[in-house]
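# Structural characterization, general
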Amino acid sequence: GAVVSQHPSWVICKSGTSVKIECRSLDFQATTMFWYRQFPKQSLMLMATSNEGSKATYEQGVEKDKFLINHASLTLSTLTVTSAHPEDSSFYICSARVPRRTDTQYFGPGTRLTVL
Amino acid sequence: ELKVEQNPLFLSMQEGKNYTIYCNYSTTSDRLYWYRQDPGKSLESLFVLLSNGAVKQEGRLMASLDTKARLSTLHITAAVHDLSATYFCAVDMEYGNKLVFGAGTILRVKS
């Protein structure tokens, strides 16, 4: 089956620093990847849709200058949290869609970010 | 704006009992997904429901979709402790381009 990995699985950083999270599709090419955020004991919220070779589409209320998304290849999308603050602490999960199939997203294992 | 409502939000069950989790949504969609999440983990796909009347079963879990009523159900039969997890439904708004998740149902199965 389709496998999606994320790196790192957890990260702790100081307030004001930037953190990059990688999302890779390991055995398929993903023209579209998605980034979700999940606060403790809450549901998943879509942050943005990442398309290979083009600018990401951000959901309403998500600051595109704070959450930089780059989808430079068909197997890699990155999310950079710039100038992180404690309120950015969350579980970030990416997913990827197999090309020409719109009925399934494959989820990565998630990255837990803690900002001190 | 699409709203997805799950109920109950918390469910404590005795082993061996049956129960149903409900997922209502507010706008037209033919696609609905059920996921399981264990503490500290990502999502595990359980069911993909792609048409009105779709019914799928896996082990002690069965999911159905009624697009006319905008309702999906996840039925648990003879619950066992291993089913303890958080269950999310998610509605596809834009043919694979946007999933909107329910709040999740925390299921605890007691021995």
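Structural data are supplied above this passage.
This text gives an overview of the structure that appears in the document. (Residues numbered from 1 in each chain as written. Chains lettered and ligands numbered in written order. Predicted model: local features only at pLDDT ≥ 70, side-chain atom pairs only at ≥ 80, totals over all residues. Heavy atoms only, no water.)

## Remarks on the state of the cysteines
All names here are of chain B. Condition: A pair of sulfur atoms, both from cysteines and within 2.5 Å, is called a disulfide here. Each helix corresponds to a stretch of at least 4 residues labelled H or I by DSSP, and each strand to a stretch of at least 2 residues labelled E; elements are numbered beginning at the N terminus. Three exposure classes are used, based on accessible area relative to the maximum for each residue type with a 1.4 Å probe and protein chains only: buried under 20%, partly exposed in between, and exposed over 50%.
Under the criterion given, the structure shown has 2 disulfides over all chains. One disulfide bridge connects Cys23 with Cys89, the sulfur atoms lying 2.1 Å from each other. Between Cys23 and Cys89, the disulfide has an S-S torsion of 80 degrees and is therefore right-handed. Highlighted residues: Cys23 in strand E3 (residues 19–25) and Cys89 in strand E9 (residues 85–92), separated in sequence by 66 residues. Here Cys23 matches Cys89 in class, with each residue buried.

## Brief notes about the packing of aromatic side chains
Here is the rule we go by: Put simply, two rings from Phe, Tyr or Trp (the six-membered ring, in Trp's case) pair if the centres are within 6.5 Å, and we call them stacked under 30 degrees between planes, edge-to-face over 60, tilted for the rest. Only when the NZ atom of a Lys or the CZ atom of an Arg is both within 6 Å of the ring centre and within 35 degrees of the ring normal do we say a charge sits over the ring.
Tallied over the entire structure, the rule returns 9 aromatic pairs over all chains. Consider the rings of Tyr35(B) and Phe101(B), whose centres lie 5.8 Å apart with planes at 35 degrees: the pair is tilted. Separated by 66 residues along the polypeptide, Tyr35(B) in strand E4 (residues 32–37) and Phe101(B) in strand E10 (residues 99–101) bring together distant segments of the chain. One exposure class covers both Tyr35(B) and Phe101(B), and it is buried. Across the ring face of Phe67(A), the terminal group of Lys66(A) is positioned such that the distance to the ring centre comes to 6.0 Å.

## Points about the side chain of Gln37(B)
Cut-off, in case you're wondering: Think of a polar contact as two N or O atoms within 3.5 Å of one another; within protein, one of them needs to be a possible hydrogen donor and the other a possible acceptor, and neighboring residues in sequence only count if both atoms come from side chains. Throughout, a contact is declared for two residues whenever any of their heavy atoms are within 4.5 Å.
One can find Gln37(B) in strand E4. A residue is classified by how much of its surface remains accessible, and Gln37(B), at 9% relative accessible area, is buried. Among the polar contacts made by the side chain of Gln37(B), one reaches the side chain of Gln38(A) at a distance of 2.9 Å. There is a polar contact of 2.7 Å between the side chain of Gln37(B) and the backbone oxygen of Lys41(B). Every residue in contact with Gln37(B), bar those within four places of it in the chain, is listed here: Gln38(A), Phe91(A), Ile93(A), Ser42(B), Leu43(B), Ala85(B), Thr86(B) and Phe88(B).

## A few points about the sheet that holds strand E1 (residues 4–7) of chain B
All names here are of chain B. Stated precisely, the cut-off is as follows: Pairing between two strands is assigned when DSSP locates at least 2 bridges connecting them. Angles here are taken between N-to-C directions and fall from 0 to 180 degrees, while the axes themselves are lines fitted to C-alpha atoms, restricted in helices to the stretch in contact.
Strand order in this open sheet of 5 strands is E1-E3-E8-E7-E6, and the pairing throughout is antiparallel. The open sheet is flanked by E1 and strand E6 (55–58), the only strands paired with a single partner. Neighbouring strand axes in the sheet, compared pairwise and without regard to direction, differ in orientation by 15 degrees on average. Pairing geometry for E6 and strand E7 (residues 61–66), over 4 bridges, is antiparallel. What sits directly across from Glu58, in E7, is Leu61.

## Digging into the pattern of salt bridges
Residue and element names in this part refer to chain A. Keep this limit in mind: By definition, a salt bridge exists where a carboxyl oxygen of Asp or Glu is found within 4 Å of a side-chain nitrogen of Lys or Arg.
Throughout the structure, instances matching the rule amount to 5 salt bridges over all chains. When the shortest N-O distance is used, the salt bridge between Glu22 and Arg24 registers 3.5 Å. We classify Glu22 as partly exposed; its relative accessible area is 24%. By relative accessible area, Arg24 is classed as partly exposed at 34%.

## Some points on the interface of chain A and chain B
Cut-off, in case you're wondering: When two components associate, each loses some accessible surface as probed by a 1.4 Å sphere; the sum of these losses over both components is called the buried area. All amino acids are sorted into three groups, where Ala, Val, Leu, Ile, Met, Phe, Trp, Tyr, Cys and Pro are nonpolar, Asp, Glu, Lys and Arg are charged, and the leftover types, Gly among them, are polar.
On the chain B side, the residues contacting the 21 residues of chain A number 20 residues. Each partner contributes to the roughly 1400 Å² buried at the junction of chain A and chain B, and carbon and sulfur atoms together form 49% of this total. Between Lys98(B) and Glu59(A) there is a salt bridge, with the nearest N and O atoms lying 2.6 Å from each other. Taken together, the connections running from chain A to chain B amount to 4 residue pairs in polar contact (both at pLDDT 80 or more). Of all the secondary-structure elements, those providing two or more residues to the side of chain A that touches chain B are strand E4 (32–38), strand E5 (44–51), strand E9 (90–97) and strand E10 (105–107) of chain A. Its residues assigned to classes, the side of chain A that touches chain B comprises 8 nonpolar, 9 polar and 4 charged.

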